[in-house]
Amino acid sequence: MSKELANRAQALPPPSVRYTLLGWVQKNLFSTWYNALLTILALGLSYALLKPIIAWLISQSQWEVLKVNFRLLMVGQYPVAQLWRVWVCLDLLAAIVGLTWGIWVHGRRLLAAALLIAPLTLALLPTISASTRLFLLGIDVFALIAFGLGRLRGLALRRLVIWSWVVYFFLVILIINGLNPGEGWFPIVPTTLWSGLLLTFLLTVVGIAFSFPLGVLLALGRRSRLPTIRWVSVGYIEVIRGVPLVTILFMASTMLPLFLPSGIRPNLVLRAMVGITLFSAAYLAEGVRGGLQAIPHGQYEAAGALGLSGFQSMALIILPQALRIVIPVLMGQFIALFKDTTLVATIGLLELLAISRSVLAQPQFVGSQREVYLFITLIFWVFCYFMSYVSQRLEIALGVGER
Amino acid sequence: MSPIDDLQQTAIVGEQPIILCHDVHKWFGNFQALRGISMEVYKGEVIVIFGPSGSGKSTFIRTLNRLEEHQKGKIIIDGIELTHDVRNVEQIRMETGMVFQQFNLFPHLNVMQNISLAPIWVRKWPKEKAEEVARQLLDRVGIPEQADKFPAQLSGGQQQRVAIARALAMQPKIMLFDEPTSALDPEMIKEVLDVMIELARSGMTMLVVTHEMGFAKAVAHRMYFFDQGLIVESGTPDDIFIRPQEDRTKLFLSQILSH
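Definitions and limits used
- Residues numbered from 1 in each chain as written.
- Chains lettered and ligands numbered in written order.
- Predicted model: local features only at pLDDT ≥ 70, side-chain atom pairs only at ≥ 80, totals over all residues.
- Heavy atoms only, no water.
- Pairing = 2+ DSSP bridges.
- Helix = DSSP H or I, 4+ residues; strand = E, 2+ residues; numbered from the N terminus.
- Axes fitted to C-alpha atoms, helices over the stretch in contact; angles between N-to-C directions.
- Contact = heavy atoms within 4.5 Å.
- Expected span 1.5 Å × (residues − 1).
- Buried < 20%, exposed > 50% of the residue type's maximum accessible area, 1.4 Å probe, protein only.
- Arc of directions from axis to C-beta.
- 1 Å grid on protein atoms, 1.4 Å probe; cavity = no way out; pocket = protein on both sides within 12 Å on 5 of 7 lines; lining within 4 Å.
- Points joined across faces, edges and corners; volume = space filled by probe spheres on them.
- Nonpolar A, V, L, I, M, F, W, Y, C, P; charged D, E, K, R; others polar.
- Salt bridge = Lys/Arg side-chain N within 4 Å of Asp/Glu carboxyl O.
- Parallel < 35°, antiparallel > 145°, perpendicular 65-115°, else oblique.
- Buried area = accessible area lost by both parts, 1.4 Å probe.
- Polar contact = N/O pair within 3.5 Å; in protein donor to acceptor, adjacent residues only side chain to side chain.
- Domains from an automatic or database assignment.
- Phe/Tyr/Trp six-rings, centres within 6.5 Å; stacked < 30°, edge-to-face > 60°.
- Lys NZ or Arg CZ within 6 Å of the ring centre and 35° of its normal.
- Right-handed = clockwise from strand over helix to strand, strands pointing away.

## What to know about the sheet that holds strand β9 (residues 222–227) of chain B
All names here are of chain B.
- Taken in spatial order, the six strands make up an open sheet running β6-β7-β8-β3-β9-β10, and their pairing is mixed. Of all strands in the sheet, those bounded by a partner on one side alone are β6 (96–99) and β10 (230–235). Within this sheet the neighbouring strands show an average axis-to-axis angle of 15 degrees, counted without direction.
- Together, β6 and β7 (174–178) form the strand contacts of helix α3 (residues 86–95), whose direction differs from that of β6 by roughly 70 degrees.
- Docked against the sheet, helix α6 (residues 156–169) engages β6 and β7, running at close to 170 degrees with respect to β6.

## What about helix α5 (residues 127–140) of chain B?
Residue and element names in this part refer to chain B.
- Helix length check: α5 (14 residues) gives 20 Å between terminal C-alpha atoms against 20 Å at 1.5 Å per residue, within 8%.
- Among the residues of α5, those classed as buried are A130, V133, A134, L137 and L138. In a view along the axis of α5, the buried residues occupy a sector of 140 degrees, so they form one face of it. Residues E128 and D139 are exposed on α5 and point more than 90 degrees away from its buried face.
- Lining the buried residues of α5 we find α4 (111–121) and α6.

## Details of empty space enclosed by the protein
- Counted according to the given criterion, the structure contains one cavity of 30 Å³ or more.
- Put simply, the largest cavity is a space of about 30 Å³.
- Lining the largest cavity are A302(A), A305(A), L306(A), M98(B), R166(B) and A167(B).
- Looking at the lining of the largest cavity, the elements that each hand over two or more residues are α12 (297–305) of chain A together with α6 of chain B.
- Partitioning the lining of the largest cavity into residue classes produces five nonpolar, no polar and one charged.

## Some thoughts on the sheet that holds strand β4 (residues 72–77) of chain B
Residues and elements named next belong to chain B.
- Pairing within the open sheet is antiparallel, and its four strands lie in the order β2-β1-β4-β5. The open sheet terminates on both sides in strands that have one partner only, identified here as β2 (31–42) and β5 (80–81).
- The pairing of strand β1 (residues 17–28) with β4 spans five bridges and is classified as antiparallel. Its bridge partner lying in β4, L20 is registered against I76.

## Observations regarding the pattern of salt bridges
- Overall, the coordinates contain 19 salt bridges over all chains when judged by the stated rule.
- A salt bridge links E69(B) to R66(B), with the nearest nitrogen and oxygen atoms 4.0 Å apart.
- Residue E69(B) is classed as partly exposed on the basis of its relative accessible area of 37%.
- A residue is classified by how much of its surface remains accessible, and R66(B), at 11% relative accessible area, is buried.
- A cluster of three or more residues bridged by salt bridges with shared partners is formed by R222(A), E238(A), R241(A), E286(A) and R289(A).

## Observations concerning the packing of helix α8 (residues 196–222) of chain A against helix α13 (residues 310–325) of chain A
Residues and elements named next belong to chain A.
- Where α8 contacts α13, the two axes come as close as 13 Å, and the packing angle between them is 105 degrees. As the angle between them shows, α8 and α13 are arranged roughly perpendicular. Residue-level contacts link F212, V216 and L220 of α8 to M314, L319 and L323 of α13.
- Of the residues contributing to the contact of α8 with α13, the split by class is six nonpolar, no polar and no charged.

## Some details on unusual backbone geometry
Residues and elements named next belong to chain B.
- A positive phi angle, near 50 degrees, is found at Q171, a position not held by glycine.
- Tracing the backbone shows Q171 in the loop between α6 and β7.
- Unusually for a residue other than glycine, E179 sits at a positive phi of about 45 degrees.
- Topologically, E179 is positioned in the loop between β7 and α7 (186–201).
- Relative accessible area serves as the criterion here: at 14%, E179 is assigned to the buried category.

## Observations regarding the interface of chain B and chain A
- In this complex, chain B contributes 24 residues to the contact, which on the side of chain A involves 21 residues.
- Considering only the surface of chain B that becomes buried against chain A, F106(B), P107(B) and H108(B) emerge as the three largest contributors, covering 27% of it.
- In this structure, the connection of chain B to chain A is made through one salt bridge.
- When the shortest N-O distance is used, the salt bridge between E301(A) and R62(B) registers 2.6 Å.
- Summed over the shared surface of chain B and chain A, the result is six residue pairs in polar contact (both at pLDDT 80 or more).
- Contributing elements (two or more residues each) for the side of chain B that touches chain A: α3, β6, α4 and α6 of chain B.
- If you tally residues by element for the side of chain B that touches chain A, the top one is α4(B), at three residues.
- Looking at the side of chain B that touches chain A residue by residue, the classes come out as 15 nonpolar, four polar and five charged.

## Some thoughts on the domain arrangement of chain A
- Per the domain assignment, the segments making up chain A are domain 1 (19–60), domain 2 (79–188) and domain 3 (230–403).
- One C-alpha centre belongs to domain 1 of chain A, the other to domain 3 of chain A, and the line joining them spans 39 Å.

## Details of the pairing of β2(B)
All names here are of chain B.
- One ladder, built from nine bridges, connects β1 with β2; its direction is antiparallel. When the bridges of β2 are listed, F28 appears paired with F31.
- Turn length for the β1-β2 hairpin, with the two strands adjacent in sequence and antiparallel, is two residues, and the turn residue G29 shows positive phi of about 60 degrees.

## Some remarks on the packing of aromatic side chains
Residue and element names in this part refer to chain B.
- Under the counting rule described, the total for this entry stands at 18 aromatic pairs over all chains.
- Across from the ring centre of W125, 4.2 Å away, lies the NZ or CZ of K129, which sits over that ring.
- The aromatic ring of F106 is capped on one face by R166, whose charged end is 4.5 Å from the ring centroid.

## Section: the environment of R87(B)
- Position of R87(B) among the secondary structure elements: in helix α3.
- C-alpha separation for the pair R87(B) and M112(B), spaced 25 residues apart in sequence, amounts to 28 Å.

## Things to note about the pairing of β7(B)
All names here are of chain B.
- Counting buried residues in β7 gives five out of five residues, a clear majority hidden from the surface.
- Of the two faces of β7, the one holding I174, L176 and D178 and the one holding M175 and F177 are both buried throughout.
- Of the pairings in the sheet, the one linking β6 to β7 comprises four bridges and is parallel in character. Its bridge partner lying in β7, M98 is registered against L176.
- In this sheet, strand β8 (residues 205–209) lies alongside β7 in parallel orientation, the contact comprising five bridges. Bridge pairing links M175 to M206 in β8.
- Assessed by its sense of winding, the connection that carries the chain from β7 through α7 to β8 is right-handed.

Here you go:
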C-alpha cells in the first residue's frame, strides 16, 4: 500500500457540530423570515390558549371536591374494611415492577425517583390513616428490595418475573374478588360494589389478559388450513368488527343469559368483561394476522426442516417474531380498550367517568365540572402515556439483533 | 494424488441406498416441475445436482424432506417412505438436515439458540448437552467466537455457516443443500465451500444443488444434470466434465464454465 493510500485509508472522526443556546435558537426558530414569523405566531397562540387556563388554575379552581371524593373516585363503593386488598395488589405490583426495573431497565433514574417519591409524599400527609401510611411506605420498600434483588440475581429470576407478570393479572382478580362466600375472613366482595378507577382497571386488566390469547388464536384460526376453523374465525372477526362496542355491551348484558342454563345469572361486571374481551379480541386478531403475514415463508420451512412440529414452529419461531412486529398495534389496541371501558357506563356500571358524574351531582359541588374532568383527563392520560412508553421500551428491548 | 481419487478410494458405499426415488412427479397447478425422477443414493455419497433455473433441481431436493409434496412416484429415505403420515414426515426431517439459499436463520434468536433449539425441543436433549454440541459445531465451521451474536450482525458467509451448524446439530444422516452459495458475495463463497468440502470428506451423505463446479470436481461422487424436470445426464465428475454425452449438457457446461 502506498503511503498516500495508507493515509487516506485511516478512519477519521465524524465532523462535530456544537451550538450555543443562541445559535440553536437562530438555526431552528429564526433561520428564515417565514420561520421567524411562524415562531412568533406559535408563541402568540400558545399564550392566548394557556393564559386563561393558568389564570383559572391560580385564581378560580376549587380542588375541595377531589379531596372529599378522592376515595370514591379511586375505589368507589369498595368496602373500607376490605381496602387493604387493593393496597396488597399495589404493593405486589411495586415488587414486580421493582424486579423488572432491576433486571431490564437499570437506569432511568429520574423516572424511578419520581415513582418512588410520589407514595412517600402521600405517606407524609398528616390526614391519612396509619395503615394507609404503612401500605404507601410498603410500595417504596418492596420496590427497592425487589430492585436490588433484580440487580443481584437478575439472570436467575428472569423467567420467574415474566411468569409473575402473567400470574399477577389473575391474582389481582382473585384478591379483589375474595374467596369466602360467607362472612368472616377474606369474604367475596360483590361486583356491584366494584366501581371507580378500580373498576376501570379491572375491566382493562381482564380485557387484556383474556382478549390477547383469544386474539392470537383467532389470527391463527384465520390462517388455518382447515376450512371450518378458518370460516369460524373469519365469521367471528367480521361480525364483531362490524358492530359498535356499545351494542356488544348491550347484547352481553341482555343476550348472555340466553346461552346459560336458567338460574345462573352472571353479574353485570362479568358480562361487561366478556363483552369487552370479545370485542377487543377481534381487533387484536387482525393485528396479529398482520404480523404473521410479515414472516417470510423461509422461516416456516427452516423450522419444519429441523423437525419441529407445527405447534413448536408456531410457538418458538413464528409467533415470537410476529408478535414483536405488532407490538405498536397491540399496545394501541390495549390503550383503546382502556379508554373504551368508559362505555360500560351505558349498561349501568360506575367506572371512573360514571362515578365522577355522581360526584358532580352532589349538591355542594355543583359547578366543579372543570376540576373533576381535568382530574379524570389527567388520570387517563398518565396511564395511556405509560402504556405507550412501555410499548416503546419493549420494542427497543426486544429489537436486539434486528437492525 | 488429487483429492478426488483420494475420496473415491475411501468412500463408504453401503448395501442399501439411503435415498431411493422412483419415478417422482410434481406439478405446480398445471405446470409439471418434475417428470419422473429416479435416483439412488448410498451412504457417504456426495451428489451434485445442477441445471438451468426452472429445471426442477430445487423442487426435487425439497421433495426429499417434504417441503414440497410429490404427487406421483415413491421416495424412501433411510427405510421410511414419505407419505401423508405426519409422523413419517417428522421422522424423515429429523434424519435430514437442510441448508437454504437464503440461510433462513431465526432472526430473534442468537447463534447459540439457533443451533441448540431443535436438539432441545425435537431430540429432547438437556440444554447443557445441546449447547456443548453447538459449541463444537461452531468450532468446526470456524466461527466459535460468534455464539452470542444475532444473525443480522453476521456476514452472509458466517450466516450460512451457522445454518450448516444448525442443520448438523440434529445429527442428521443426510444433508441437503439448496444452492447454498448463490446468495453470497464472491469473497464469502469460499469459506462456505470449505466447510462443505470438510463435511463431504468426513463421510456425510450429501445432496447439493449448486453451480460451483470446483466443488463438484473436488468432492462429488456423482453428478446429475437436470433440465425441464428430467434427469438429462448423470455420471462421475469425469464423465460429466470430460465425456458429456448429451448436447444439452455440453451447451450448459460451456455456458457456466466459459467465464
